[in-house]
Amino acid sequence: MDEFNEKKFKELIVYIAKRLGPEAALGRVKLAKLLMASDFGAYERIGHSLTGATYEKWEHGHLPRQLLLAQRDLEASGDIRVETVDYFGKQLSQISAERDPDMSDFSEDELAIVERSLHSLGYESASFLSAQSHLELGWRLTDWKEPIPFRTVFLGTGAVSEADIRRGEELASSHGWN
């Protein structure tokens, strides 16, 4: 397991908040999903998470254990601002950055992974991202409020095609597993 890097975690929060404008409607649920997409995407592509955060199974999907404290610290230091805004008739605690992030601890490959996550998911709704996270086997196989192992990123959503079944049958037959 990667060791938690508080500085990278906080700077990634500031980066996401700075990179996405107010039209992205960045609240805590959406922020959690974007952090997860970046960390799990990095684990899948380069073999380690970006921040070492621990993601747990919660109602709205993967939630970094360290998020609430980091958000409070960043808000108290004036690095981010959280303000309540009307979002289609609901109250949203929108997060915005008050400074530029320090991304010097991130490699080019890591920044590319974050950008890929923001490009594909940054303007989706929090409810959509939450629903998508519930499809992942890592979330589905983990007990409530327990850590979701990074290696579960390789399990996908568990969808099995007819070709997958045929290939499995071929392998079982050729190896005498049936």
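As shown above, the structure is provided for reference.
The structure presented is a predicted model; accordingly, all values stated were derived computationally and were not measured. (Residues numbered from 1 in each chain as written. Predicted model: local features only at pLDDT ≥ 70, side-chain atom pairs only at ≥ 80, totals over all residues. Heavy atoms only, no water.)

### A look at the overall build of the chain
Note the following rule: Only DSSP runs of H or I with at least four residues qualify as helices, and only runs of E with at least two residues qualify as strands; both kinds are numbered from the N terminus onward. Burial classification: accessible surface area is computed with a 1.4 Å probe over protein chains only, and a residue below 20% of its type maximum counts as buried, one above 50% as exposed, and the rest as partly exposed. In what follows, a contact means two residues having at least one pair of non-hydrogen atoms within 4.5 Å. Note that His is not counted, nor are the chain ends; the positive residues are Lys and Arg, and the negative ones are Asp and Glu. For charged residues, the charge sits on one atom: NZ in Lys, CZ in Arg, CG in Asp, CD in Glu.
In terms of regular secondary structure, the chain is built from seven helices and four strands. Projected onto its principal axes, the C-alpha positions of the chain cover 65 × 40 × 30 Å. Taking all 178 residues of the chain together, 41% fall into the buried category. Considering only intrachain contacts with a sequence separation of at least 6, the fraction spanning at least 24 residues in the chain is 68%. Positive and negative side-chain charges in the chain, numbering 21 and 30 respectively, have mean positions lying 3 Å apart.

### Considerations on the packing of helix α2 (residues 28-46) against helix α3 (residues 67-76)
So the rule is basically this: Working convention: axes come from line fits to C-alpha atoms, limited for helices to the stretch in contact. Angles between N-to-C directions cover 0 to 180 degrees. Should an angle lie under 35 degrees it is considered roughly parallel, over 145 roughly antiparallel, and from 65 to 115 roughly perpendicular; all remaining angles are considered oblique. By definition, turning the near helix anticlockwise from the far helix through less than a right angle yields a left-handed crossing, and turning it clockwise yields a right-handed one. Polar here means any residue other than Ala, Val, Leu, Ile, Met, Phe, Trp, Tyr, Cys and Pro, which are nonpolar, and Asp, Glu, Lys and Arg, which are charged; Gly is therefore polar.
Their axes nearest at 12 Å, the elements α2 and α3 cross at an angle of 115°. One way to sum up the angle between α2 and α3 is to call them roughly perpendicular. The way α2 lies across α3 gives a crossing that is right-handed. Along the contact surface, α2 presents R28, L31, A32 and L35, while α3 presents L67, L68 and Q71. A per-class count over the contact of α2 with α3 returns five nonpolar, one polar and one charged.

### Thoughts on the nonpolar core
Our working definition: What makes a nonpolar core is a set of buried Ala, Val, Leu, Ile, Met, Phe, Trp, Tyr and Cys residues whose side-chain atoms join them at distances within 4.5 Å.
Of all hydrophobic cores here, the largest spans 35 residues; its most connected members are L12, I13, I16, L26, L31 and L35. Elements supplying a minimum of two residues to this core: α1 (6-19), α2, α3, β4 (90-97) and α4 (108-121). Ignoring any residue separated from it by four or fewer positions in sequence, one finds L35 in contact with F9, L12, I13, I16, Y55, P64 and L67.

### Comments concerning the pairing of strand β3 (residues 80-87)
Rule in force here: Strands are treated as partners if at least two bridges between them are detected by DSSP.
Bridging between β3 and β4 involves eight bridges; their strand directions are antiparallel. Along β4, the bridge assignment pairs R81 with S96. Linkage of β3 to β4, two consecutive antiparallel strands, is achieved through a turn of two residues, within which F88 is found at a positive phi near 50°.

### Thoughts on the packing of α2 against α4
The N-to-C vectors of α2 and α4 enclose an angle of 135°; their axes lie 9 Å apart at closest approach. By the angle class used here, α2 and α4 are oblique. The two elements α2 and α4 meet at a crossing, and its hand is right-handed. Along its contact with α2, which presents K30, L34, A37, S38, G41, A42, R45 and I46, the element α4 presents E110, I113, V114, R116, S117, L118 and L121.

### Section: helix α5 (residues 126-135)
Worth spelling out the cut-off: To be clear, the arc concerns the directions from the helix axis to the C-beta atoms.
By the burial criterion, the buried members of α5 are L129, S130 and S133. Axial view of α5: buried residues confined to an arc of 100°, hence all on one face. Looking at the buried positions of α5, the neighbouring elements they touch are α2, β2 (61-64), α4 and α6 (137-141).

### So, the side chain of S133
One can find S133 in helix α5. In this structure, S133 is in contact with K33, M36, H60, G61, H62 and W139, ignoring residues within four places of it in sequence.

### So, the packing of aromatic side chains
Each aromatic ring pair is summarised here by two numbers: the centre-to-centre distance and the angle between the ring planes. Spelled out, the test is: A pair of aromatic rings is counted whenever rings of Phe, Tyr or Trp (Trp by its six-membered ring) have centres within 6.5 Å, and the orientation is called stacked for planes under 30 degrees apart, edge-to-face for over 60 and tilted otherwise.
With the rule as written, the count across this model stands at seven aromatic pairs. On the numbers, 4.9 Å between centres and 75° between planes, the contact of Y87 with F88 is edge-to-face. A relative accessible area of 34% means that Y87 is categorised as partly exposed. Its relative accessible area of 76% is what places F88 among the exposed residues.

### Remarks on the pattern of salt bridges
For clarity, the threshold we go by: The rule for a salt bridge is simple: a side-chain nitrogen of Lys or Arg has to be within 4 Å of a carboxyl oxygen of Asp or Glu.
Under the criterion given, the structure shown has twelve salt bridges. Between K8 and E110 there is a salt bridge, and its shortest N-O distance comes to 3.1 Å. Within this pair, whereas K8 is found in helix α1, its partner E110 is found in helix α4, the two being separated by 102 residues in sequence. For the pair K8 and E110, one class covers both residues: buried.

Nothing here speaks to function; it is all geometry.
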